[in-house]
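# Residue-level structure breakdown
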Amino acid sequence: MTLFFENARLIDPAANTETTGNLLVRDGLIREVGLTEVPEGARVIDCSGLCLAPGIVDLGVKIGEPGERHMESFRSASLAAAAGGVTTIIARPDTAPAIDTPESLEFATKRAAEQPVRIRHMAALTKGRAGREMTEIGFLLDAGAVAFTDAGHVATDAKVLSRAFTYARALEALVICHPQEPGLSHGAAVTSGKFAALRGLPGVSPMAERMGLDRDLALAEMTGVRYHADQITSARSLPALERAKAAGLDVTAGVSIHHLTLNELDVGDYRTFFKLTPPLRAESDRLAAIEAVGSGLIDVICSMHTPADEESKRLPFEQAAAGAVALETLLPAAMRLYHGGHLTLNQLFRALSLNPAKRLGLPQGRLEAGSPADLVLFDPDRPFVLDRFKLHSKSKNTPFDGARMQGKVLATFVGGVQVYSDNKEQ
Amino acid sequence: MAFRARHLLGIEHLAPEEILTVLDLADRYVDLNRRTVKRTDALEGMTQINMFFENSTRTQSSFELAGKRLGADVMNMAMQNSSVKKGETLIDTALTLNAMHPDLLVVRHGASGAVDLLAQKVNCAVVNAGDGKHEHPTQALLDALTIRRAKGRLHGLTVAICGDVSHSRVARSNMLLLGKMENHVRLIGPPTLMPSGFGEFGVDIYEDMRAGLKGADVVMMLRLQKERMDGGFIPSEREYFHRYGLDAEKLGFAAPDAIVMHPGPMNRGVEIDGTIADDITRSVIQEQVEMGVAVRMAVMDLLAQNLRAERGRAATENLARGTFV
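Think of each chain on its own: its residues are numbered from 1, step by step along the sequence as written. Chains carry letters from A onward and ligands carry numbers from 1 onward, assigned in written order. Only residues with pLDDT of at least 70 are given local features in this predicted model, and only at 80 or more are side-chain atom pairs given and counted; all residues enter the totals for whole chains, interfaces and linings. Computation of side-chain values: all heavy atoms of the structure, hydrogens and water removed.

Quick reminder of the rule: UniProt positions are given in the numbering used here, feature names are shortened, and annotations may be inferred rather than shown by experiment.
Chain B appears in an unreviewed UniProt entry as Aspartate carbamoyltransferase from Paenirhodobacter populi. What UniProt states about chain B under its Pathway (unreviewed entry) heading is, verbatim, "Pyrimidine metabolism; UMP biosynthesis via de novo pathway; (S)-dihydroorotate from bicarbonate: step 2/3." What UniProt states about chain B under its Catalytic activity (unreviewed entry) heading is, verbatim, "carbamoyl phosphate + L-aspartate = N-carbamoyl-L-aspartate + phosphate + H(+)".

You'll find chain A entered in an unreviewed UniProt entry as Dihydroorotase, with Paenirhodobacter populi given as the organism.

### With respect to the overall build of chain A
Rules: A run of H or I in DSSP counts as a helix once it spans at least four residues, and a run of E counts as a strand once it spans at least two, with each numbered from the N terminus. Using C-alpha atoms as the atom set, the radius of gyration is obtained and then compared with a globule rule of 2.2 Å times the number of residues to the power 0.38. Note on contacts: a residue pair qualifies if any of its non-hydrogen atoms lie within 4.5 Å across the two residues. Each accessible area is a Shrake-Rupley estimate made with a 1.4 Å probe; only the visible protein chains count as cover when residues are assessed.
Looking only at helices and strands, chain A has 13 helices and 18 strands in total. For chain A, whose C-alpha radius of gyration is 21 Å, the value lies close to the compact-globule estimate of 22 Å for 426 residues. For chain A, the proportion of contacts with a sequence separation of at least 24, taken over those separated by at least 6, is 75%. For chain A, the accessible surface area stands at approximately 15700 Å², while carbon and sulfur atoms represent 49% of it.

### Here we look at the side chain of His 259 of chain A
Residues and elements named next belong to chain A. The cut-off we apply is this: For this analysis, a polar contact is any N or O atom pair within 3.5 Å, provided that within protein one partner can donate a hydrogen and the other can accept it, and provided that sequence-adjacent residues contribute only side-chain to side-chain pairs.
Relative to the elements of secondary structure, His 259 occurs in helix H9 (residues 257-261). Here Pro 278 takes part through its backbone oxygen, which lies 2.8 Å from a polar atom of the side chain of His 259. At 3.4 Å, the side chain of His 259 and the backbone oxygen of Pro 279 are in polar contact. Those residues within four positions of His 259 in sequence are excluded, and the remaining contacts are Gln 231, Thr 233, Leu 276, Pro 278, Pro 279, Leu 280, Arg 281 and Arg 286.

### Structural notes on the pattern of salt bridges
Put simply, the test is: Whenever Lys or Arg places a side-chain nitrogen within 4 Å of a carboxyl oxygen from Asp or Glu, that contact is recorded as a salt bridge.
Across all of its chains, the model carries 32 salt bridges over all chains by this definition. In this structure, Glu 68 of chain A engages Lys 62 of chain A in a salt bridge whose closest nitrogen and oxygen atoms are separated by 3.1 Å. Between Arg 382 of chain A and Asp 422 of chain A there is a salt bridge whose closest N-O contact spans 2.9 Å. With Arg 382 of chain A in strand E16 (residues 375-385) and Asp 422 of chain A in the segment after strand E18 (417-421), this residue pair connects regions lying 40 residues apart in the sequence. Three or more residues are tied together by salt bridges with common partners; here these are Asp 24, Asp 27, Arg 148 and Arg 149 of chain B.

### Comments concerning helix H12 (residues 330-339) of chain A
Residue and element names in this part refer to chain A. Definition in use: The classification of residues rests on relative accessible area computed with a 1.4 Å probe and restricted to protein chains. Under 20% of the type maximum is buried, over 50% is exposed, and intermediate values are partly exposed.
Counting buried positions along H12 gives 7 out of 10 residues, so the element sits mostly inside the fold. Within the sequence span of H12, burial applies to Leu 330, Leu 331, Pro 332, Ala 333, Ala 334, Met 335 and Leu 337. Gly 341 sits one or two residues past H12 and shows a positive phi near 80°.

### Quick notes on the UniProt feature "domain: Dihydroorotase catalytic" (unreviewed entry) in chain A
The UniProt entry lists residues 52-234 of chain A under the feature "domain: Dihydroorotase catalytic" (unreviewed entry), expressed in the numbering used here. The distance separating the terminal C-alpha atoms of residues 52-234 of chain A is 32 Å; by composition the span is 37% helix and 20% strand.

### Observations regarding the UniProt feature "domain: Amidohydrolase" (unreviewed entry) in chain A
Sequence positions flagged by UniProt for "domain: Amidohydrolase" (unreviewed entry) are, in local numbering, residues 341-420 of chain A. Across residues 341-420 of chain A, helical content stands at 20% and strand content at 32%; the span's end C-alpha atoms are separated by 29 Å.

### Some thoughts on the UniProt feature "binding site: L-aspartate" (unreviewed entry) in chain B
Residue and element names in this part refer to chain B. According to UniProt, the feature "binding site: L-aspartate" (unreviewed entry) maps to Lys 86, Arg 169 and Arg 223 in the numbering used here. Mapping Arg 169 onto the fold places it in helix H6 (residues 169-180). Taking relative accessible area as the criterion, Arg 169 reaches 12% and is therefore assigned buried. The residues contacting Arg 169, other than those within four sequence positions of it, are Glu 54, Arg 108, His 109, Gly 130, Asp 131, Gly 132, Lys 133, His 134, Glu 135 and His 136.

### What to know about the side chain of Lys 151 of chain B
Residue and element names in this part refer to chain B. With respect to the helices and strands, Lys 151 occurs in helix H5 (residues 137-151). The exposure class of Lys 151 is buried, given its relative accessible area of 17%. Not counting the four nearest positions on each side in its chain, Lys 151 is found in contact with Leu 157, Asp 217, Asp 257, Ala 258 and Ile 259.

### Here's the deal with the confidence of the model for chain B
In regions of low pLDDT, the predicted coordinates are not meant to be interpreted in detail. Under the convention used in this document: A score between 0 and 100, pLDDT records how confident the predictor is in each residue.
When pLDDT is averaged along chain B, the result is 93; 95% of the residues meet or exceed 70. Reported for the predicted complex are a pTM of 0.92 and an ipTM of 0.87.

### A word on the packing of H5 of chain B against helix H11 (residues 285-321) of chain B
Residue and element names in this part refer to chain B. Keep this limit in mind: Throughout, an axis means a line fitted to C-alpha atoms (over the contacting stretch in the case of helices), and angles, computed between N-to-C directions, take values from 0 to 180 degrees. Oblique is the label for every angle not falling under 35 degrees (roughly parallel), over 145 degrees (roughly antiparallel), or within 65 to 115 degrees (roughly perpendicular). Left-handed describes a crossing whose near helix is turned anticlockwise from the far helix through less than a right angle; right-handed describes the clockwise counterpart. Three classes are used: nonpolar for Ala, Val, Leu, Ile, Met, Phe, Trp, Tyr, Cys and Pro, charged for Asp, Glu, Lys and Arg, and polar for all others, with Gly counted as polar.
Packing of H5 against H11 brings their axes to within 8 Å, and their N-to-C directions diverge by 120°. Relative to H11, H5 is oriented oblique. Of the two possible hands of crossing, H5 and H11 adopt the one that is right-handed. Here Thr 138, Gln 139, Leu 141, Leu 142, Asp 143, Leu 145, Thr 146 and Arg 149 of H5 lie close against H11, whose contacting residues are Glu 287, Gln 288, Met 291, Gly 292, Val 295, Arg 296 and Val 299. Within the contact of H5 with H11, the residues separate by chemical class into 6 nonpolar, 5 polar and 4 charged.

### A short note on the interface of chain B and chain A
Let me state the cut-off plainly: The buried area of a pairing is the accessible area, by a 1.4 Å probe, that goes missing from both parts when the two are put together, added over both.
Taken together, the 22 residues of chain B in the interface contact 17 residues of chain A. Roughly 1600 Å² of surface becomes buried between chain B and chain A when both sides are summed, with 58% attributable to carbon and sulfur atoms. Remark: the boundary between chain B and chain A carries 4 residue pairs in polar contact (both at pLDDT 80 or more). Elements that contribute at least two residues to the side of chain B that touches chain A include exactly helix H3 (90-98), helix H4 (114-119) and H6 of chain B. Among the elements that take part in the side of chain B that touches chain A, H4 of chain B stands out by supplying 3 residues, more than any other.

This is how it looks when you write it as C-alpha cells:
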C-alpha cells in the first residue's frame, strides 16, 4: 500500500521544520519527504495545505483492563485515540489488579492486540503498586514493559524506592514517578490558596510536588536511574528540575494537557470533572509550565487520560473521583496553546510525539524516511463545540464539555493504515 | 431591590440589597415572635423538609420552629440513620425526596459543595444549613441582624472573627457578608487554623489576639472542635485558651462597647471564658439564637414568594400555550 500525501504542511519536530510539501508512505514506513512525482498506483491524499505531523505518543493512559472495563476498554480507548491523533498509547499499570507480573502483562498485551492504534504497556514498579517490594523488572522488560511506574501511588519508603531504582538502573529500565509528598497532599481536593479557602475545600500546597520531586531527584542522583516525572505542574518544581538536568542526571518530566490549558478557578461551583491529580494550579503555575514546555525543560505533554464513570463523579467534590479523559481532546486542547501564541506547532509535537518516543526508545515521533508512518492530519483552525457524549471513550468525564475548541483531527494513520477519518462520521 | 435568589446556598452570590431585604423582613418577624400568637400563613400548605446529614440540635430546631411559625408542614429527616447508610448516593436521596414534592429543602451536609450539588437536582427551594467548611448563610444573616440591632448599623464596623477560621463555614459566610456590607473584618487565630489565601479577601489577619482585638466593635468567637485540640493543630486546650480564649483581659483591648458573639455551642474555658459569655452587658449570644428563628423565617418566606412567582409564571405560560398540566 502506497500513500502519497500531497500539499501538506509538514510538521517535523526532529528537524524543527515546518514546510509545505509531499510525503510518501509505503509498507508502513515513511519513504520520502518532499518528492514531487506521484508514484504509480499510489493513493493520493490531498492535504490542501493542512497539517501533517507525527502521531502522538501518549505517555500515561489509564485503560480499565483488567478490572474496570465498564469505564474504558482497549477497544474504546483505541477508537478515542485514533480520533484524537494519538497513534501510540502508553498504558498505565494502575488497573485492578495492577499490571505487576509478567503474566498480567501478557494478559494485557493480548487484550490490547489488534487495535487500530499501537498500545505499549508500562508495568508497576512495586508489587500491587504498594511501595513495599519491587516487581520482576527483568521479566517484565522481557515481556515488553516500556517503563515502570506506580502511577498515582507514591512510595513512602525511600529504602524500597532506592533499591528499585538501583535494580532498574542495572537493566536500563525507565522509571516514572508521580512527584508528590503524600503526607502533605493527603485528603486534598484542590490546590491551597484563595480559591480553596473560598470553596471550603481541603487544599494542598504546590510545595508537596516540589518535595516529592526533590526526593526523587536525590534518589535518581544516588542510583543513576533513568527517571521521568509524570507531571510537573508547579512553578516551584521547575528550578529543581533544571538543576538536575544541568547536573547531567538522566531525568525528564511531563505535564498533562489539562494543567497547560486550565487553572484552579475552572473548578467553579464544585465541578467535579475538573478534579484532577495533582489538582489544577494557579494561573501563574500554568504559564510557567507552558514556558517550560517551550524551553524544553518539561519534555512531554500527555493526556493523563483517566476514565471515571458518572457515579464516581456525581458526588460532593471531596468525595468525587479525580481524573479526566483526554485522548480525544489532547490535540484540540493543545491547539489552544498554538492559537494563544504560547507554543509553535513544532514545540507542541516535540512534546507530544518526538520526546515521549525518544524517551521510551520508540522509532515513532519523526517525519523522516524510514520512520513508521504513524501520522495525524489535522486542521489547526477548524472550530467545533465539544459534546462529551460524542466522545469514543466509554467514560465521558471531560472538563471540555461544551467548550469551544479550535483544531480538529481529520485523519489518523498507524503504520501507513488509515485508522480514523473525520469524513466518515459526517 | 427585592430578594431574587431561587435558593440560599451561600452569601457569596447575594447582593447587599438582598441581604438588607432579608434583614428588614427578619426585623418584622422578631416582633411577631415576641407576641403570644406567633403564627402567620406565609408558608401555609407548603412542605418543608429538614435534611441534616450532620448532627445539629440548635440549627435544626431553629429551622423547624421557623417553618412551623410560617404555617408550613415540617418534616425532619435524621439522615445519619437513613438509606445513606445503605449506600444511597446524595443525588438519589435528593431525587427520592424531590418526588414527594417538597417546597423547601433545608440541608446540612459534611462535604463542601454538597448542598450546591443537591440543589441542581431538585425543583424546590433549597436552603443551605451548613455545608462542610464552605458556607452557613443563615448564621451569617442572623449574626448581621444581631449586629445591626445592637450597633444600630451594619457598615463601617470593625469585626474581629477569632479562633478556628480554617474549619469554619461560619467564618467564611460572615467574612463574605460583612465584607459586602463594607465593614473591616479581622481574622484572628493560630496560623495552623488559618487557611492560606484568606489574606487575599481584603481582610486583615492577626496571630496575636490582643493586637487583633484592638478597637474592635464586634468580637465574634468561633467554636473549636474537640477533635482538633489534641496536638494536630494546636498543642493543647489550655495553651489555646491562654493565647486565644476570650477573657476579660483580652476583651479589654476591644472597644469599650464591643459586643461578644458566638455561634454556639460554646466550649466554656476553651475559646471563651464563662463569665464573658454570661455577661449580658457584653454578650449577645442569646439574642443570636432569637434572631436565628426570625432570619430563617424571613429567608424561607422570601424563597417561598419566589417559588410561587416562578410556578405562577410557568402556569401562565402553560395556559397561554393551551396546555394544562
